[in-house]
Amino acid sequence: MKIACFGAGQIGSAFIRGVLKSQIVRPENLLVKGGKSGTAEALQAELGFRLVRNVADLTDCDVVCIATIPSVIPSILKELKGNLGQNTIVLSLATSPSIAVLQSALGSHSLVARAIPNTPIQVLAGMTGVSYGKNCQTTHKETVQALLGSLGQALEVPEEKLGIFGTVAGCGPAFVDVFIEALADASVLNGLSRKEAYKIVLQMIQGAATLAQESQTHPAVLKDQVCSPGGSTIRGVAALEENGFRNAVIQAITKANIH
Ligand SMILES: NC(=O)C1=CN([C@@H]2O[C@H](COP(=O)(O)OP(=O)(O)OC[C@H]3O[C@@H](n4cnc5c(N)ncnc54)[C@H](O)[C@@H]3O)[C@@H](O)[C@H]2O)C=CC1
Ligand SMILES: O=C(O)[C@@H]1CCC=N1
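On a predicted model such as this, the values are computed, not experimentally measured, just so you know.

Student: In this structure, what is going on with the overall build of the chain? I would like to understand it.
Tutor: Along the backbone of the chain there are ten helices and eight strands. If you line up the chain on its principal axes, its C-alpha atoms span 70 × 40 × 30 Å. With 259 residues in all, the chain has 38% of them scored as buried. A fraction of 62% describes how many contacts in the chain between residues 6 or more apart in sequence connect residues 24 or more apart. By element, 57% of the accessible surface of the chain is carried by carbon and sulfur atoms, the whole surface being about 14,300 Å². Charge-centre separation for the chain: the mean point of 21 positive side chains lies 4 Å from the mean point of 19 negative side chains.

Student: What's the story with the packing of helix α6 (residues 159-189) against helix α7 (residues 194-215) in this structure? I'm lost.
Tutor: Between two packed helices, the angle of one axis relative to the other and the distance separating the axes together describe the packing. Interaxial distance between α6 and α7 falls to 9 Å at its minimum, and their mutual angle equals 135°. Judged on the interaxial angle alone, α7 and α6 are oblique. Two packed elements cross with a definite hand, and for α6 against α7 that hand is right-handed. Packed against α6, whose contacting residues are Phe179, Ile180, Glu181, Leu183, Ala184, Asp185, Ser187 and Val188, the element α7 presents Arg194, Ala197, Tyr198, Val201, Leu202, Met204 and Ile205 at the interface. Its residues placed into classes, the contact of α6 with α7 shows eleven nonpolar, one polar and three charged.

Student: Explain the site of ligand 2 to me, please; I cannot follow it from the model alone.
Tutor: The immediate surroundings of ligand 2 are formed by Thr95, Gly170 and Cys171. Within the complex, 43% of the 250 Å² of free accessible area of ligand 2 lies under protein.

Student: Would you mind showing me how to read the domain arrangement of the chain here?
Tutor: Frequently, the measure chosen for interface size is the accessible area removed from exposure when the parts meet. Each domain of the chain was delimited in the assignment, giving domain 1 (3-156) and domain 2 (165-256). Relative to domain 2, the C-alpha centre of domain 1 lies at a distance of 33 Å. Counting from both sides, the interface comprises ten residues of domain 1 and, opposite them, six residues of domain 2. Interface area for domain 1 against domain 2, summed over the two sides, is near 470 Å², with a carbon-plus-sulfur share of 74%.

So, how was this worked out
Residues numbered from 1 in each chain as written. Chains lettered and ligands numbered in written order. Predicted model: local features only at pLDDT ≥ 70, side-chain atom pairs only at ≥ 80, totals over all residues. Heavy atoms only, no water. Helix = DSSP H or I, 4+ residues; strand = E, 2+ residues; numbered from the N terminus. Buried < 20%, exposed > 50% of the residue type's maximum accessible area, 1.4 Å probe, protein only. Contact = heavy atoms within 4.5 Å. Areas by Shrake-Rupley, 256 points an atom, 1.4 Å probe, with all protein chains shown as cover. Lys, Arg positive; Asp, Glu negative; His and termini not counted. Charge placed at Lys NZ, Arg CZ, Asp CG, Glu CD. Axes fitted to C-alpha atoms, helices over the stretch in contact; angles between N-to-C directions. Parallel < 35°, antiparallel > 145°, perpendicular 65-115°, else oblique. Left-handed = near helix turned anticlockwise from the far one by under 90°. Nonpolar A, V, L, I, M, F, W, Y, C, P; charged D, E, K, R; others polar. Near = heavy atom within 4 Å. Domains from an automatic or database assignment. Buried area = accessible area lost by both parts, 1.4 Å probe.

In structure tokens:
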């Protein structure tokens, strides 16, 4: 597979690291164009992909990804128009614009898709939602699925659900990181070292997620299994409820919701 990526910031570099780690693309078949921040050049020195010198180099790419903030995208689309092969798919990783806007900027025959990945794609543990424009045929979807699926899980969703999918999966890691940090702070407050705290917290979170995934058991049942009568856990659960933990999480997702 030959791919290009515009943008090597947070999600662009996670994507670049992921596709090289999964070996879905070889460094010589990965072309990257960065902005003025210099991150693409620094990453290139580390990972050995190619930098885009000329957009005409992109005509034989299977997929051209756009991993920049939305305001930059119209100028990138102008650059791309006329420099894409007949089967090159433009895959935007940005929260906007919509497929309709991408399509109208690139021309009515263009192959367009949108995906919202998350930072765990760099360690091939991603969860990515993807939606396709009307010109994408099965073969194009298979190409994108192979690319994004190599970074973890990738699921096709209608575009109207991509926002909330991306909010939970894409913003979610930051919310979990806040939780991890808070658990570690509490551990340190109660006598553990930072190192011990993070080792315990990370394995605990991974274990709880694996148990929920593998047992396919409702989280309320799993929670009840931990809460011994008159025991320690139920006191902690009551404290979470008293402090509006569930509501805080619901509000976080609702406020973050990508439209
Ligand atoms: N950070 C994340 O976890 C996720 C971000 N996204 C989306 O990805 C997009 C980028 O977000 P971040 O990576 O967080 O931002 P960022 O600011 O870290 O990265 C954007 C990069 O684009 C580069 N850039 C600017 N103009 C350019 C141009 N004309 N050509 C090529 N590169 C150019 C900048 O130099 C910068 O390195 C946003 O639309 C965001 O919503 C989507 C899913 C997850
Ligand atoms: O914060 C943002 O806007 C992006 C979207 C998903 C994760 N980060």
